[in-house]
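The primary structure of each chain is shown beneath.
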Amino acid sequence: MKRAFILLMILGFVRPLGAETDPQTVQFLKKLNLYYYCPSREGLKGFTCDLTVSVSEGYKKSLMGLGVDAKLAKALDGQKLTLSVAADGKYTLDTVTPVPSGDVHFDSELNLQLAHIRKDLQSVIETWVNDVFEPGFDQDSFNNDCTVVKGPNGFTVEETILQDGSLLKMDYDSKSKLEKITAVKNGTALLIMKLSYSPQPNGYQMDSYSGEMPKMKLSESDTFTYGSVEGYRLPLRVVKKVQMPPTLEEGTSITCDFSNYSLSP
């Protein structure tokens, strides 16, 4: 699962070559993909769009606590990013150089802070691309050891990380909707991720997810608002909230509004 790979990279794992998933499980996971809305499977080959950034007062306060000027923190609102997603799921997220203010130092610092925002949003965009734009389980998943364990109220897809004995558990309800992902090592949960999906005419679509890394006291929640773009359901807004006391207090968030979509023919 491509999302699983992202989470493992966050945790610092390196995925080794492992045992392939057995054919019966591969067929199950391919069918599981069909329960989820996937624009690329619906015919969307790719797109480009603009993202307009705004940051919360909590975000600005955190920056000022690190020595960033209040004027600079305020100037982040309205800055632009561009997103391009290709048919193979590869994407680029770039900053748009702010309009020069006449103050070379100020402009340099603004570009630096905008680059930090781009980096902060990259994992959110990558998660959306690998969870929504493309099927969740693909050949990369099937090349690893996945098993399906039935439970009283649904089932769990487990993926073993052979290199260090870690286990990735993806819990689904009885209607095949993903509810939780847990990364476990030596009996300790390193990452707990809860997800929320809404049913759409062509399958479930991820509306939000939240994650906690207990050892780091880090928590994050990301929310997606969608709209119809030439017949496809694509993001209109993404809000990322992060909390990691004492550096990042509650209320620290970044919002991106999507516009000017151009879809690949």
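Residues numbered from 1 in each chain as written. Predicted model: local features only at pLDDT ≥ 70, side-chain atom pairs only at ≥ 80, totals over all residues. Heavy atoms only, no water.

Some thoughts on the nonpolar core
Move 1: Counting residues in hydrophobic clusters, the biggest one holds 63 residues, and the most contacted among them are Phe47, Leu83, Trp128, Tyr172, Leu234 and Phe258.
Move 2: The element that contributes the greatest number of residues to this core is helix H5 (residues 104-133), accounting for eleven residues.
Move 3: In contact with Leu83, other than residues within four places in its own chain, are Phe47, Thr48, Cys49, Leu51, Tyr91, Thr92, Leu93, Ile125 and Phe258. (Core = buried A, V, L, I, M, F, W, Y, C linked by side-chain atoms within 4.5 Å. Buried < 20%, exposed > 50% of the residue type's maximum accessible area, 1.4 Å probe, protein only. Helix = DSSP H or I, 4+ residues; strand = E, 2+ residues; numbered from the N terminus. Contact = heavy atoms within 4.5 Å.)

With respect to the pattern of salt bridges
Move 1: The final tally for this structure, using the stated rule, is four salt bridges.
Move 2: One salt bridge connects Lys60 with Glu57, and the closest N-O pair in it is separated by 3.4 Å. Taken as a pair, Lys60 and Glu57 lie in helix H3 (residues 57-65) at a separation of three residues, close to a single helical turn.
Move 3: Here Glu57 falls in the exposed class, since its relative accessible area comes to 59%.
Move 4: Taking the shortest distance from any N to any O, the salt bridge between Glu220 and Lys240 comes out at 3.9 Å. (Salt bridge = Lys/Arg side-chain N within 4 Å of Asp/Glu carboxyl O.)

Section: the environment of Lys45
Move 1: On the secondary structure map, Lys45 appears in the loop between helix H2 (23-33) and strand E1 (47-55).
Move 2: The class for Lys45 is partly exposed, based on a relative accessible area of 48%.
Move 3: Distance from Lys45 to Gly89, taken between C-alpha atoms, is 9.1 Å for residues 44 residues apart in sequence.
Move 4: When near neighbours in sequence (up to four residues on either side) are disregarded, Lys45 contacts Ala86, Ala87, Phe133, Ser264 and Pro265.

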